[in-house]
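Each chain, letter by letter, is given below.
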Amino acid sequence: MNILKKDKQVINGNEVSLELKPGMNILQVNKELAQKNLELFQKHNVKAIDIMGSIGAGKTSLIEQLVQKLKQKYRIAVFKGDLTTTIDADRIGKYGVQVVTINTGRECHLEAHVVSKAVEKIDVKTIDLLIIENVGNLICPAEFPLGTNKRVVVISVTEGPYMILKHPFTFMTADVMVINKRDLAQTMKIDIKQLENQAKEVKPTVKVAVTNALTGEGVEELINALEL
Ligand code: MG
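First, a word on what this report is: a plain description of the structure on this page. (Residues numbered from 1 in each chain as written. Predicted model: local features only at pLDDT ≥ 70, side-chain atom pairs only at ≥ 80, totals over all residues. Heavy atoms only, no water.)

## As for the overall build of the protein
Point 1. For the protein, the count of helices and strands is 8 helices and 9 strands.
Point 2. Its C-alpha radius of gyration of 17 Å places the protein within 12% of the 17 Å reference for a compact globule of 228 residues.
Point 3. Each of the three principal axes of the protein carries a C-alpha extent, and together these read 50 × 40 × 35 Å.
Point 4. Expressed as a percentage of contacts within the protein between residues at least 6 apart in sequence, the contacts between residues at least 24 apart total 74%. (Helix = DSSP H or I, 4+ residues; strand = E, 2+ residues; numbered from the N terminus. Rg over C-alpha atoms; globule rule 2.2 N^0.38 Å. Contact = heavy atoms within 4.5 Å.)

## Structural notes on the sheet that holds strand E9 (residues 207–210)
Point 1. On the basis of which strands lie adjacent, the open sheet formed by 9 strands has the order E2-E1-E5-E4-E6-E3-E7-E8-E9 and mixed pairing. Both edges of this open sheet fall to strand E2 (14–16) and E9, since each of them pairs with a single strand only. Sheet twist, expressed as the average angle between the axes of neighbouring strands with direction ignored, equals 20 degrees.
Point 2. Looking at chain direction, strand E7 (residues 150–156) and strand E8 (residues 176–180) are connected through 5 bridges and run parallel. Residue pairing in the sheet places Ser156 in a bridge with Asn180 of E8.
Point 3. Across the sheet, helix H4 (residues 112–119) is in contact with strand E1 (9–11), E2, strand E4 (76–82), strand E5 (98–103) and strand E6 (129–133); its angle to E1 comes to roughly 25 degrees. (Pairing = 2+ DSSP bridges. Axes fitted to C-alpha atoms, helices over the stretch in contact; angles between N-to-C directions.)

## Details of a nonpolar patch on the surface
Point 1. Together, Leu18, Leu20, Met24, Ile26 and Leu27 give the surface a local cluster of nonpolar side chains, amounting to about 360 Å² of exposed area.
Point 2. Assignment of secondary structure puts Met24 in the loop between E2 and helix H1 (26–43). (Patch = residues over 30% accessible without salt bridge, like charges linked within 9 Å, V, L, I, M, F, W, Y side chains within 5 Å. Areas by Shrake-Rupley, 256 points an atom, 1.4 Å probe, with all protein chains shown as cover. Salt bridge = Lys/Arg side-chain N within 4 Å of Asp/Glu carboxyl O.)

## Focus: the layout of surface pockets
Empty pockets left among the atoms are what a rolling probe the size of a water molecule brings to light.
Point 1. Quantified by volume, the largest pocket comes out at close to 370 Å³.
Point 2. Secondary structure elements with two or more residues in the lining of the largest pocket: helix H2 (59–70), E4 and helix H3 (87–93).
Point 3. A class-by-class count of the residues in the lining of the largest pocket yields 8 nonpolar, 10 polar and 8 charged. (1 Å grid on protein atoms, 1.4 Å probe; cavity = no way out; pocket = protein on both sides within 12 Å on 5 of 7 lines; lining within 4 Å. Points joined across faces, edges and corners; volume = space filled by probe spheres on them. Nonpolar A, V, L, I, M, F, W, Y, C, P; charged D, E, K, R; others polar.)

## As for the environment of Thr187
Point 1. With respect to the element layout, Thr187 can be found in the loop between E8 and helix H7 (192–202).
Point 2. Sequence spacing of Thr187 and Val157 is 30 residues, and the spatial spacing of their C-alpha atoms is 9.5 Å.

## Some points on the state of the cysteines
Point 1. Enumeration according to the criterion identifies 1 disulfide in this entry.
Point 2. Disulfide pairing places Cys108 opposite Cys140 at an S-S distance of 2.0 Å. The S-S bond linking Cys108 to Cys140 shows a torsion near -95 degrees; that makes this disulfide left-handed. Here the residue Cys108 occupies a position in the loop between E5 and H4, and Cys140 occupies one in the loop between E6 and E7, the gap between them amounting to 32 residues.
Point 3. Classification of Cys108 as partly exposed rests on a relative accessible area of 25%. (Disulfide = S-S within 2.5 Å. Buried < 20%, exposed > 50% of the residue type's maximum accessible area, 1.4 Å probe, protein only.)

## Brief notes about the coordination of the magnesium ion
Point 1. Around the magnesium ion, the protein supplies Thr60 (OG1), Asp88 (OD) and Glu133 (OE) as donor atoms, at distances of 2.0 to 2.2 Å.
Point 2. Donor residues for the magnesium ion sit on one chain with the sequence pattern T-x27-D-x44-E. In this pair, Asp88 sits in helix H3 while Glu133 sits in strand E6, placing the two residues 45 residues apart along the sequence. One exposure class covers both Asp88 and Glu133, and it is buried. (Donors = N, O, S within 2.8 Å, 3.2 Å for Na, K, Ca; no water.)

## Some details on unusual backbone geometry
Point 1. Its identity as a non-glycine residue notwithstanding, Asn45 has a phi of 55 degrees, on the positive side.
Point 2. Structurally, Asn45 is set in the loop between H1 and strand E3 (47–53).
Point 3. What makes Asn45 exposed here is its relative accessible area of 65%.
Point 4. Residue Lys181 is not a glycine yet carries a positive backbone phi of 60 degrees.
Point 5. Take Lys181: it is sitting in the loop between E8 and H7.
Point 6. Judged by relative accessible area, Lys181 falls into the partly exposed class, the value being 22%.

## Concerning the side chain of Glu64
Point 1. Locating Glu64 in the fold gives a position in helix H2.
Point 2. A distance of 3.3 Å separates the side chain of Glu64 from the side chain of Lys94, its partner in a polar contact.
Point 3. Setting aside residues up to four positions removed in sequence, Glu64 forms contacts with Arg91, Ile92, Lys94 and Tyr95. (Polar contact = N/O pair within 3.5 Å; in protein donor to acceptor, adjacent residues only side chain to side chain.)

Structure, rendered in structure tokens:
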């Protein structure tokens, strides 16, 4: 495990930065670069998924489950966004899929330009599925699409009953919502049905999967929701 002590954004050890000229709007620039990423993924028939959620919600555990269940069917690469460490990248790397570590320093979300640089670290022609774990945060990623086909937001029942209502903007951008740690719902006095209803209120078309990422329970539901 490596711990980076830099403010810079670093991909597999190499610094990257986006130069903004005066008058350029970061959100607009991000949107345009996201579109380019999407076009590149479509050109090479790559399904790309952006996984968002707080630290500890279970994003990495779910990716471990997805990789194990899907690696026979798809050639997979994982981009692992993290402020400073390679802890998650090391966890996923052991399943024999390509992993690119993106350390964002102080940035609380991934951006499309960083993803486009990370794509240069893999041979996009040799993959079918790209899973991107965003930085653990439920607020910042909302306004920064990465050019993926689908966005997933993961919450866990240990985060309490108001995660969706308190972070509506992230949930509005999600195609699929995962409610993780279902085995702890009773202990935490969380009504999973209520969370599902709240999600549908914020985003009527959202698909919901209820999982236990440690045992793999509900992961098939997630795979179906992602149409994989
Ligand atoms: Mg993680």
